[in-house]
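# Structural overview for review
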2 protein chains.
Amino acid sequence: MTPQKINLSDKFARISQYWHPGVIGELNGQQVKLAKFKGRFDWHQHEEEDEMFLVIDGKIRIGLSDRTIELEAGEMLIVPRGILHQPEAEEEAHVMLFEPASTLNTGNTKSGRTVKDPGFL
Amino acid sequence: MTPQKINLSDKFARISQYWHPGVIGELNGQQVKLAKFKGRFDWHQHEEEDEMFLVIDGKIRIGLSDRTIELEAGEMLIVPRGILHQPEAEEEAHVMLFEPASTLNTGNTKSGRTVKDPGFL
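Bear in mind the structure is a predicted one, so any value in this text is a computation, not a measurement.

Next up on the list: the overall build of chain A. Helix and strand counts for chain A come out as 1 helix and 8 strands. Along chain A, helices (α) and strands (β) appear in the sequence β-α-β-β-β-β-β-β-β when read from the amino end. For 121 residues, the compact-globule estimate of 2.2 N^0.38 gives 14 Å, and chain A sits close to it at 13 Å. Principal-axis analysis of the C-alpha atoms places the extent of chain A at approximately 45 × 30 × 25 Å. Residues classed as buried in chain A amount to 38% of the 121 residues present. By sequence separation, contacts in chain A at least 24 residues apart represent 65% of the contacts at least 6 residues apart.

In structure tokens, the structure reads:
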């Protein structure tokens, strides 16, 4: 396996659907995913997995049960397992996600936006 | 444990030493670290750990046994376990690392730059 450089802009350009993450890399049982956020996603939690959101471009909000956290490009948040959260973005935002390969985007909440196999970008 | 926003610029501002990574987050047994690169680091490999380099600011090079990969801001590389590599930067560069909590910065090569406990920023 030969290491290959990954350019985030090139990968984001391949994403045509909001809230539909694509995998760009795997390491140590974890996956690095990219997603475009726009609008309001489902409230959900991941029972066994911590999830990291790193904003690459734009602004997002992560709703928690007691408050909302705003994140701009260059800011990140780790949502520990078991914490209910709701990602949201007024305008299109580009986000990198780190999480176990097993993580489902909608966690415990199955919906029309659940992506069972995100696939590689 | 209440999730707190992490601003990368604020965290980088706390780093005063090149090649001395600091931890900014933990999830799923992995750590997210930040480091400032300048100059040439030791050739090393990690026997059991894959390592990810994401350039936040500046340019770096990762030397591999057969070639060198150049990375700019917004570009990343996953170096699989067992692959010899040498990070390098002509000018100061800001890099995010994603790797298991057990990963030693110099891998199998102990040197004066080995950081056994990087600590939290």
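Alright, that's what it looks like, and here's the rest.
Once that is clear, we can look at the nonpolar core. For soluble globular proteins, the rule of thumb is that nonpolar side chains tend to be buried together. Membership of the largest hydrophobic core comes to 56 residues, with the highest contact counts inside it found for A:Met52, A:Phe53, A:Val95, B:Met52, B:Phe53 and B:Val95. When neighbours within four sequence positions are excluded, B:Met52 is seen to be in contact with A:Gly25, A:Leu27, A:Val32, B:Met76, B:Ile78, B:Leu97, B:Phe98 and B:Glu99.

Moving on to the relation of the copies chain A and chain B. Turning chain A through 180° and shifting it by 0.0 Å along the axis lays it on chain B, with an RMSD of 0.0 Å. Between the two chains, the operation in question is that of a two-fold axis. With an isologous cut-off of 70% or more, the 100% of interface residues of chain A that recur at the interface of chain B puts this contact in the isologous class.

Moving on, we get to the interface of chain A and chain B. Listed by partner, the interface residues are 28 residues for chain A and 28 residues for chain B. Mapped onto the side of chain A that touches chain B, the elements with two or more residues apiece are strand 1 (6-7), helix 1 (8-12), strand 2 (22-27), strand 3 (30-40), strand 6 (68-72), strand 7 (75-79) and strand 8 (85-100) of chain A. At 5 residues, strand 7 of chain A tops the list of elements feeding residues into the side of chain A that touches chain B. For strand 1 of chain A and strand 7 (residues 75-79) of chain B, the ladder comprises 2 bridges, and the chain directions are antiparallel.

Backbone geometry places A:Asn28, a non-glycine residue, at a positive phi of 50°. Locating A:Asn28 in the fold gives a position in the loop between strand 2 and strand 3. Taking the number of C-beta atoms within 10 Å as the measure of exposure, A:Asn28 has 22 and is therefore buried. Here the phi dihedral of B:Trp19 falls at roughly 65°; this positive angle occurs in a residue that is not glycine.

The next subject is the pairing of strand 8 (residues 85-100) of chain B. All names here are of chain B. With 10 bridges connecting them, strand 3 (residues 30-40) and strand 8 associate as antiparallel partners. By the bridge assignment, Gln-30 is partnered in strand 8 with Pro-100. One ladder, built from 5 bridges, connects strand 4 (residues 51-57) with strand 8; its direction is antiparallel. Its bridge partner being in strand 8, Met-52 is matched across the sheet by Phe-98. Sheet analysis places strand 5 (residues 59-64) next to strand 8, joined by 4 bridges and oriented antiparallel. Across the sheet, residue Leu-64 finds its bridge partner in strand 8, namely His-85.

Let us now look at the confidence of the model for chain A. The predicted model of chain A averages 94 in pLDDT, with 99% of residues at 70 or higher. Confidence estimates for the predicted assembly give a pTM of 0.94 and an ipTM of 0.93.

Right, let's talk about the environment of A:Lys11 for a bit. All names here are of chain A. Position of Lys-11 relative to the elements: it lies in helix 1. Spatially, the C-alpha atoms of Lys-11 and Ala-101 are 19 Å apart, while their sequence positions differ by 90 residues. Those residues within four positions of Lys-11 in sequence are excluded, and the remaining contacts are Ile-6, Ile-24, Leu-34 and Leu-121.

Residue and element names in this part refer to chain B. Relative to strand 6 (residues 68-72), strand 5 runs antiparallel, the two being bridged by 5 bridges. Paired with Lys-59 across the strands is Glu-72, a residue of strand 6. Between strand 5 and strand 6, which pair antiparallel one after the other, the connecting turn spans 3 residues.

All right, on to the environment of A:Phe53 then. Residues and elements named next belong to chain A. Here Phe-53 lies in strand 4 (residues 51-57). Judged by C-beta crowding, with 25 C-beta atoms within 10 Å, Phe-53 ranks as buried. Considered as a pair, Phe-53 and Glu-75 are 22 residues apart in the sequence and their alpha carbons are 8.4 Å apart. The residues contacting Phe-53, other than those within four sequence positions of it, are Ile-62, Leu-71, Met-76, Leu-77, Val-95 and Leu-97.

Rules of the game
- Residues numbered from 1 in each chain as written.
- Chains lettered and ligands numbered in written order.
- Predicted model: local features only at pLDDT ≥ 70, side-chain atom pairs only at ≥ 80, totals over all residues.
- Helix = DSSP H or I, 4+ residues; strand = E, 2+ residues; numbered from the N terminus.
- Rg over C-alpha atoms; globule rule 2.2 N^0.38 Å.
- Buried ≥ 20, exposed ≤ 12 C-beta atoms within 10 Å, placed from the backbone.
- Contact = placed C-beta atoms within 7 Å.
- Core = buried A, V, L, I, M, F, W, Y, C linked by C-beta atoms within 7 Å.
- Least-squares fit on C-alpha atoms with pLDDT ≥ 70 in both.
- Pairing = 2+ DSSP bridges.
- pLDDT = per-residue confidence, 0-100.

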